[in-house]
Amino acid sequence: MSDATPAPLSPSVSAAGAPGPAPTWADPARHAAFDAWLAGVAGPQSLQPASLRVASADASFRRYLRIDTQDGGSRIIMDAPPAHENCAPFVHVAGLMQAAGLNVPQVLAWDEPHGFMLLTDLGAQTMMAAIDPDRPEANRPLYEQAVDALLRWQQASRPGVLPPYDEAVLRRELALFPDWYLAQHRGVAVEGALRDTLDQTFDLIVARNLAAPSVYVHRDFMPRNLMLPTTPGGALGVLDFQDALYGPASYDIASLMRDAFLTWDEEFVLDITVRYWERARKRGLMDFEDWHSDFGSFWRAVEWMGLQRHLKVAGIFARLTLRDGKPKYLADAPRFIAYIRHTAGRYRELAPLLKAIDQIEGTEAVSGWAYGRV
């Protein structure tokens, strides 16, 4: 989930072959350009234009349409207005993921000037739809498949291929919390002691996360962006990867287990994270300081990375509501505030942040800090 153009967060998916609403167009000129493009690719790609329907809603300016093929299959069309969306990173990252052995949409046709793209269809059922939130253990096989995909992605990492997840990006994302969640949503004046607390806390968060080794980072690796296999024994599909960067190795596992729309007990979060860690160190991905030998050290890095993400996403959800008129996202903000308080309550140096959050939210402070090993 980037700070500039959020990836799809709450898709409303129509199943392949199922009836769905026909797309509507606010811009007649764009509608005409789409019809001309579709007419040109329909024959070579064996498409049935009359079957065109909306596949999913999106938090950004992108939307996805589904269209049937003559042989009974289906394809996905991405509609991404170039004035708001740049499709080049999607194409680039899709190639990297495919080379790494991940199950991702293949680009079959692309009208770059207009932002229309024809993709293979990974199906209509997300991992999120298959999860039983009341039985954590029943979901372990799904999460292990997600870990499989994540490890393949990270093992393929090379420096200089994706933009860096550097200090400028980390700080720009963190700024979303005071700018949008506190000032715009809560109506809090971010100045004086509060400004000092946030500045000092953000310095700590940035320093901790920049110290981590770098890998390819999806940035929104969670069950809503993972698709169930369409064939027995197949791999999970991976979507919404266009904002990928090269950055902290702790990011995507934090994103997976501290979900934007689903909360797990600590026991299950630790269980899956340990399984990831054990397999990652066998692949040389934990060769940093004492991460290889001490899960507690790696876990602390995951918590600090998760804290950065949770502050960012709380700001993004407030912005989506207040600026973009999408109130459903802010309804999930309490989950992120709970994540923030949980982490801040475990580390002495985060006590000022916890106190500030509790004053703003009217919550009681958590007692006890994590001084050493977890």
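Structure's up top.
Quick caveat: nothing in here was measured; it's all calculated off a predicted structure.

Draft legend 1. Quick peek at the overall build of the chain. Secondary structure assignment for the chain yields twelve helices and nine strands. Taken over the C-alpha trace, the chain has a radius of gyration of 21 Å; the compact-globule value for 374 residues is 21 Å, and the two agree within 12%. Across the 374 residues of the chain, 54% fall into the buried class. The contacts in the chain between residues at least 6 apart in sequence include a share of 71% that link residues at least 24 apart. With an accessible surface of roughly 15500 Å², the chain has 52% of that area assigned to carbon and sulfur atoms.

Draft legend 2. Main features of the environment of aspartate 121. With respect to the element layout, aspartate 121 can be found in the loop between strand E5 (116-120) and helix H3 (127-130). The exposure class of aspartate 121 is buried, given its relative accessible area of 16%. Polar side-chain contacts of aspartate 121 include one of 2.6 Å to the side chain of serine 74. Here glycine 123 takes part through its backbone nitrogen, which lies 2.9 Å from a polar atom of the side chain of aspartate 121.

Draft legend 3. Up close: the sheet that holds strand E2 (residues 63-69). Read across the open sheet, the five strands follow the order E1-E2-E3-E5-E4; overall the sheet is antiparallel. The outermost strands of the open sheet, each flanked by one partner alone, are strand E1 (47-56) and strand E4 (107-111). Between one strand axis and the next, the sheet turns by 25° as a mean value, whatever way the strands run. Alignment of E4 against E5, held across four bridges, turns out to be antiparallel. The partner of valine 107 across the bridge, within E5, is leucine 119. Relative to E1, helix H1 (residues 28-42) is tilted by about 125°, and along the sheet it contacts E1, E2, strand E3 (74-79), E4 and E5. Contacts between helix H2 (residues 88-99) and the sheet are confined to E3, E4 and E5, with E4 contributing the most and set at about 160° to the helix.

Draft legend 4. The pattern of salt bridges, seen in detail. Evaluated as defined, the whole model comprises 24 salt bridges. The salt bridge partner of aspartate 271 is arginine 140, with a shortest N-O separation of 2.8 Å. One end of the pair, aspartate 271, is in helix H9 (residues 266-282); the other, arginine 140, is in helix H4 (residues 140-155), and 131 residues separate them in sequence. Between aspartate 199 and arginine 195 there is a salt bridge, and its shortest N-O distance comes to 3.1 Å. Taken together, the residues span about one helical turn, with aspartate 199 and arginine 195 both in helix H7 (residues 192-210) at a distance of four residues. Several salt bridges converge on common partners, so that one network encompasses Glu137, Arg140, Glu144, Asp271 and Arg275.

Draft legend 5. Inspection of the packing of H7 against helix H10 (residues 295-322) at higher detail. Close contact between H7 and H10 brings their axes to 9 Å; oriented N to C, the two are set at 130°. With respect to H10, the element H7 is oriented oblique. Considering only the axes of H7 and H10, their crossing is left-handed. Here H7 contributes Phe202, Leu204, Ile205, Arg208 and Asn209 to the contact with H10, which in turn contributes Ala301, Trp304, Met305, Leu307, Gln308 and Leu311. Counted by class, the contact of H7 with H10 contains eight nonpolar, two polar and one charged residues.

Draft legend 6. Local environment of empty space enclosed by the protein. Overall, the coordinates contain two cavities of 30 Å³ or more when judged by the stated rule. In this structure, the second largest cavity encloses a volume near 100 Å³. Residue lining of the second largest cavity: 14 residues in total, with Arg258, Trp299, Val302, Glu303 and His310 positioned closest to the centre. Listed by contribution, the elements that provide at least two residues to the lining of the second largest cavity are helix H8 (251-257), H9, H10 and helix H11 (333-344). The residue makeup of the lining of the second largest cavity, split by class, is seven nonpolar, five polar and two charged.

Analysis parameters
Residues numbered from 1 in each chain as written. Predicted model: local features only at pLDDT ≥ 70, side-chain atom pairs only at ≥ 80, totals over all residues. Heavy atoms only, no water. Helix = DSSP H or I, 4+ residues; strand = E, 2+ residues; numbered from the N terminus. Rg over C-alpha atoms; globule rule 2.2 N^0.38 Å. Buried < 20%, exposed > 50% of the residue type's maximum accessible area, 1.4 Å probe, protein only. Contact = heavy atoms within 4.5 Å. Areas by Shrake-Rupley, 256 points an atom, 1.4 Å probe, with all protein chains shown as cover. Polar contact = N/O pair within 3.5 Å; in protein donor to acceptor, adjacent residues only side chain to side chain. Pairing = 2+ DSSP bridges. Axes fitted to C-alpha atoms, helices over the stretch in contact; angles between N-to-C directions. Salt bridge = Lys/Arg side-chain N within 4 Å of Asp/Glu carboxyl O. Parallel < 35°, antiparallel > 145°, perpendicular 65-115°, else oblique. Left-handed = near helix turned anticlockwise from the far one by under 90°. Nonpolar A, V, L, I, M, F, W, Y, C, P; charged D, E, K, R; others polar. 1 Å grid on protein atoms, 1.4 Å probe; cavity = no way out; pocket = protein on both sides within 12 Å on 5 of 7 lines; lining within 4 Å. Points joined across faces, edges and corners; volume = space filled by probe spheres on them.

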